[in-house]
Amino acid sequence: MERADPGYSFRDLNPEAGRFRDDVMAGLSRPEKSLPPKYFYDARGCALFEAICELPEYYLTRAELSLMRLHVGDMARHLGPQCALIEYGSGSALKSRILIGALAPVAYVPIDIARAELAATAADIAREFPRVRVRAVCADYSRPLALPELEGLDACRRVGYFPGSTIGNFTAPEASAFLALARDQVGTGGGLLIGVDLKKDPARLDAAYNDARGVTAAFNLNLLARINRELGADFDLPAFRHRAYYDEKQGRIEMHLESIRDQAVTIGGRAIRFRKGETIHTENSYKYSVREFQQLATGAGLAPRACWTDSDRLFSVHYLTVAQ
């Protein structure tokens with residue numbers, strides 16, 4: 001599907017629905033069951049995540065917004081004028097609006113797997129910034145992806161934007177692979193502005209992913225509700241509970257869904273058995289020191305150029321360029 005006007009276009013490159021089924025069945029067939037976190041974001045998942053970002057325990061969004069507002073002028077100077085801004089996982093584009101306002105890019109290319117939210121956000125950005133050409137792409141940005149929406153803008157310098165600490169959802173090899181993919185997409189002379197959550201007191205991390213209102217638990221369990229709705233499964237949601245904890249040795253938060261009893265779930269006529277206490281691993285959220293992340297970026301062929309943190313050093317934003 002493609003819809004276009006002089007300043008706005010929307011192209012749907014999202015894979016067929018069968019990939020969701022394949023990924024779910026593959027993950028639940030492993031000895032240690034898991035599901036990809038990218039599937040959290042159906043319409044209800046997006047709404048729940050927006051609610052998470054407002055929670056008092058969830059420091060990440062407030063910390064990132066504070067440092068963006070304080071340092072966006074300096075960031076814009078590093079990115080440079082007349083660039084094409086490619087955002088990976090745009091969501092509601094809350095932080096992107098701050099950056100676009102300061103940067104005034106020639107084009108903005110939001111990429112997201114959540115079709116409805118992407119369409120709404122991209123249309124809003126096009127109205128809010130009429131001088132910026134908005135080229136929305138519905139796709140899985142973690143996979144190799146051509147960007148035909150940049151045809152005619154080849155002379156523009158490309159800069160990638162990956163806010164919100166989503167890089168932490170990847171293991172180190174996966175993060176390195178994504179950084180290399182983004183490096184190739186922005187090309188020679190390009191750059192990447194990326195949000196990275198910093199290592200901190202484990203108690204603060206645990207609280208952020210186990211909020212008192214249970215919104216994060218609802219977000220986690222919604223993944224099972226989506227599988228029920230879209231794949232005809234029969235997960236009994238009250239028979240699973242949210243678990244999240246910080247593994248200091250791995251440097252990551254782990255999120256799981258734990259079966260509270262022995263049970264079997266049917267998906268497409270196939271029974272998946274769970275023992276009491278067995279979990280589905282739904283997400284990792286790796287935390288880095290500034291040095292650790294810069295070493296990771298350097299290994300992926302990117303050169304660290306600048307780093308900004310909030311006043312409490314909870315969160316960081318890094319500017320990287322493609323190494324010559």
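Conventions and cut-offs
- Residues numbered from 1 in each chain as written.
- Predicted model: local features only at pLDDT ≥ 70, side-chain atom pairs only at ≥ 80, totals over all residues.
- Heavy atoms only, no water.
- Disulfide = S-S within 2.5 Å.
- Buried < 20%, exposed > 50% of the residue type's maximum accessible area, 1.4 Å probe, protein only.
- Helix = DSSP H or I, 4+ residues; strand = E, 2+ residues; numbered from the N terminus.
- Arc of directions from axis to C-beta.
- Contact = heavy atoms within 4.5 Å.
- Pairing = 2+ DSSP bridges.
- Axes fitted to C-alpha atoms, helices over the stretch in contact; angles between N-to-C directions.
- Core = buried A, V, L, I, M, F, W, Y, C linked by side-chain atoms within 4.5 Å.
- Polar contact = N/O pair within 3.5 Å; in protein donor to acceptor, adjacent residues only side chain to side chain.
- Salt bridge = Lys/Arg side-chain N within 4 Å of Asp/Glu carboxyl O.
- Phe/Tyr/Trp six-rings, centres within 6.5 Å; stacked < 30°, edge-to-face > 60°.

**Q** Which parts of the structure should I look at to understand the state of the cysteines?
**A** As used in these notes, a disulfide is a covalent bond between sulfur atoms, one from each of two cysteines. Considering all chains together, one arrives at zero disulfides under this definition. Sulfur of C156: no disulfide; nearest cysteine sulfur belongs to C83 and is 8.1 Å away.

**Q** Looking at this structure, I do not really get helix 4 (residues 94-103). What am I missing?
**A** Counting along an α-helix, one turn takes 3.6 residues, and residues three or four places apart therefore face a common direction. Listing the buried residues of helix 4 in full gives K95, S96, L99, I100 and L103. Burial along helix 4 is one-sided: seen end-on, the buried residues are contained in an arc of 135°. Along its buried surface, helix 4 packs onto helix 3 (59-79), strand 3 (83-88), strand 4 (107-112), helix 5 (115-128), strand 6 (157-162) and strand 7 (191-197). A104, located one to two residues past helix 4, shows a positive phi value of around 50°.

**Q** Sorry, what's going on with the sheet that holds strand 8 (residues 240-247) here?
**A** Strand pairing in a sheet is mediated by backbone hydrogen bonds. Such pairs are either parallel or antiparallel. Sheet architecture is open: three strands sit in the order 8-9-12, paired in antiparallel fashion. Of all the strands in the sheet, just strand 8 and strand 12 (279-286) have a single pairing partner and so form its edges. Each strand axis lies, on average, 20° off the axis of its neighbour in the sheet, ignoring direction. Strand direction decides the pairing type here: strand 8 and strand 9 (residues 252-259), joined by eight bridges, are antiparallel. Paired with R241 across the bridge in strand 9 is E258. On top of the sheet, helix 8 (residues 215-231) reaches strand 8, strand 9 and strand 12; it is set at about 60° to strand 9, its chief contact.

**Q** Would you explain the nonpolar core in this entry?
**A** Nonpolar side chains tend to gather and get buried jointly when the protein is soluble and globular. Membership of the largest hydrophobic core comes to 73 residues, with the highest contact counts inside it found for I227, F235 and I267. Examining the composition of this core, we find that nine residues originate from one element, helix 3, more than from any other. Those residues in contact with I227 that lie beyond four places of it in its chain are F20, V24, L35, G232, A233, F235 and I267. Residues A139, F170, V196 and L296 belong to the second largest nonpolar core, which totals 29 residues.

**Q** In this structure, what is going on with the side chain of R252? I would like to understand it.
**A** Tracing the backbone through its elements, the reader meets R252 in strand 9. A distance of 2.8 Å separates polar atoms of two side chains, one belonging to R252 and the other to E254. Setting aside chain neighbours within four positions, we find R252 in contact with Y245, Y246, D247, H281, N284, S285 and Y286.

**Q** Where do I start with the pattern of salt bridges in this structure?
**A** Where side chains of opposite charge bring their charged atoms close, a pairing between them can arise. Summed over the entire model, instances satisfying the criterion amount to 20 salt bridges. Between D124 and R127 there is a salt bridge, with the nearest N and O atoms lying 2.3 Å from each other. Of the two residues, D124 and R127 are both situated in helix 5; the distance of three residues between them amounts to about one turn of the helix. Overall, R127 belongs to the exposed group, its relative accessible area being 59%. The residue E258 makes a salt bridge to R241 at a minimum N-O spacing of 3.2 Å. Taken together, the positions of E258 in strand 9 and R241 in strand 8 put the pair 17 residues apart, joining distant regions of the chain. On the accessibility criterion, E258 (11% relative accessible area) is buried. Each of the salt bridges in this network shares a partner with another, and the network as a whole consists of D42, R226, R229 and E230.

**Q** Just checking my understanding: could you explain helix 9 (residues 290-299) for this structure?
**A** Within helix 9, burial applies to V290, F293, L296 and A297. Take helix 9 and look down its axis: the buried residues cluster within an arc of 130°, on one side only. Exposed residues lying more than 90 degrees from the buried face of helix 9 are R291 and G299. Where helix 9 is buried, its residues touch helix 6 (172-186), strand 7, strand 13 (302-309) and strand 14 (315-322). After helix 9 finishes, the residue G301 shows a positive phi value of roughly 85°.

**Q** Looking at this structure, how should I read the side chain of R226?
**A** Looking at where R226 falls in the secondary structure, it is placed in helix 8. Apart from residues lying up to four places away in sequence, R226 is in contact with F20, Y39, Y41, D42 and L231.

**Q** Sorry if this is basic, but what is going on with the packing of aromatic side chains here?
**A** Aromatic ring pairs are defined here through the distance separating the ring centres and the angle between the ring planes. Enumeration according to the criterion identifies 19 aromatic pairs in this entry. When the ring of Y58 is compared with that of Y209, the centres are 6.3 Å apart and the planes differ by 75°; the resulting orientation is edge-to-face. In this pair, Y58 is assigned in the loop between helix 2 (43-52) and helix 3 and Y209 in the loop between helix 7 (202-208) and helix 8, connecting sequence segments 151 residues apart. Using a relative accessible area of 5% as the deciding quantity, one classes Y209 as buried.

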